[in-house]
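# Chain and residue survey
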Amino acid sequence: QVQLVESGGGLVQAGGSLRLSCAASGRTLSTYGMGWFRQAPGKDREFVAGISRSGGSTYYADSVKGRFTISRDNAKNTVYLQMNSLKPEDTAVYYCAASPRWTPSVRSKIQIYDSWGQGTQVTVSS
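Scope of this entry: the structure provided in the associated data block. By convention here, each chain's residues receive numbers from 1 onward along its written sequence. Per-residue local features of the predicted model are confined to residues with pLDDT of at least 70, and side-chain atom pairs are confined, for both listing and counting, to 80 or more; whole-chain, interface and lining totals are unaffected and use all residues. Hydrogens and water are ignored here; the side-chain numbers use all heavy atoms of the structure.

## Here we look at the overall build of the protein
Selection rule: Secondary structure elements are taken from DSSP: a helix is a run of H or I of four residues or more, a strand is a run of E of two residues or more, and numbering for both begins at the N terminus. A radius of gyration in this sense is built from C-alpha atoms; the matching globule rule multiplies 2.2 Å by the number of residues raised to 0.38. Exposure classes here rest on a 1.4 Å probe applied to the protein chains alone. A residue is buried below 20% of its type maximum, exposed above 50%, and partly exposed in between.
In terms of regular secondary structure, the protein is built from zero helices and 11 strands. Ordered by position from N to C terminus, the α and β elements of the protein give β-β-β-β-β-β-β-β-β-β-β. Computed over C-alpha atoms, the radius of gyration of the protein comes to 13 Å, within 12% of the 14 Å expected from 2.2 N^0.38 for 126 residues, which places it in the range of a compact globule. Once the C-alpha set of the protein is aligned to its principal axes, its extents read approximately 40 × 25 × 25 Å. Here the protein, with 126 residues, has 44% of them falling under the buried criterion.

## Some points on the environment of R45
How we decide: Any two residues whose heavy atoms approach within 4.5 Å are treated as being in contact. Polar contact is the term for a pair of N or O atoms within 3.5 Å; when the atoms are in protein, one must be able to donate a hydrogen and the other to accept it, and sequence-neighboring residues count only if both atoms are side-chain atoms.
With respect to the secondary-structure elements, R45 resides in the loop between β4 (33-39) and β5 (46-51). With relative accessibility at 27%, the residue R45 sits in the partly exposed group. The sequence separation of R45 and D114 amounts to 69 residues, and the corresponding C-alpha distance is 15 Å. Discounting chain neighbours no more than four positions away, the residues touching R45 are F37, R38, Q39, Y95, I110 and W116. Within the structure, the side chain of R45 is placed 3.3 Å from the side chain of Q39, a separation counted as a polar contact.

## Regarding the nonpolar core
Heads up, the rule is: Take the buried Ala, Val, Leu, Ile, Met, Phe, Trp, Tyr and Cys residues and link them wherever side-chain atoms come within 4.5 Å; each set so joined is a nonpolar core.
Membership of the largest hydrophobic core comes to 36 residues, with the highest contact counts inside it found for L4, M34, W36, L81, M83 and Y94. Looking at this core, the elements with two or more residues in it are β3 (18-25), β4, β5, β7 (68-73), β8 (78-83), β9 (92-99) and β11 (120-125). Dropping the residues within four chain positions of it, Y94 is found in contact with E6, L20, W36, F37, R38, V48, F68, L81, M83, G119, T120 and V122.

Below, the structure is given as structure tokens:
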């Protein structure tokens, strides 16, 4: 398995931006499809964005489409989530996850992801 560590979370006002990073170690990240998920208090973990192994294909939840951008730098073994126009409803713990079984059709399914980071808190104030 690959080990993942997220960073970049914090407190921001509504309308602001944050960039999350997910650094991988232990395995070459280019062999994994990647996803970002989030979990708000009292709610289930939900899919936010996914990216193919090469970075050529990206996918987003409807709630973040047009505001968030997922990207990856395989040379740096890092995946990013650029979050713009943040809203209070974006407040959650954000997790990155890796899957060797990733395909576009299953990108949002939590069960395909074998490796998870510890999460980073994002809080958006109104």
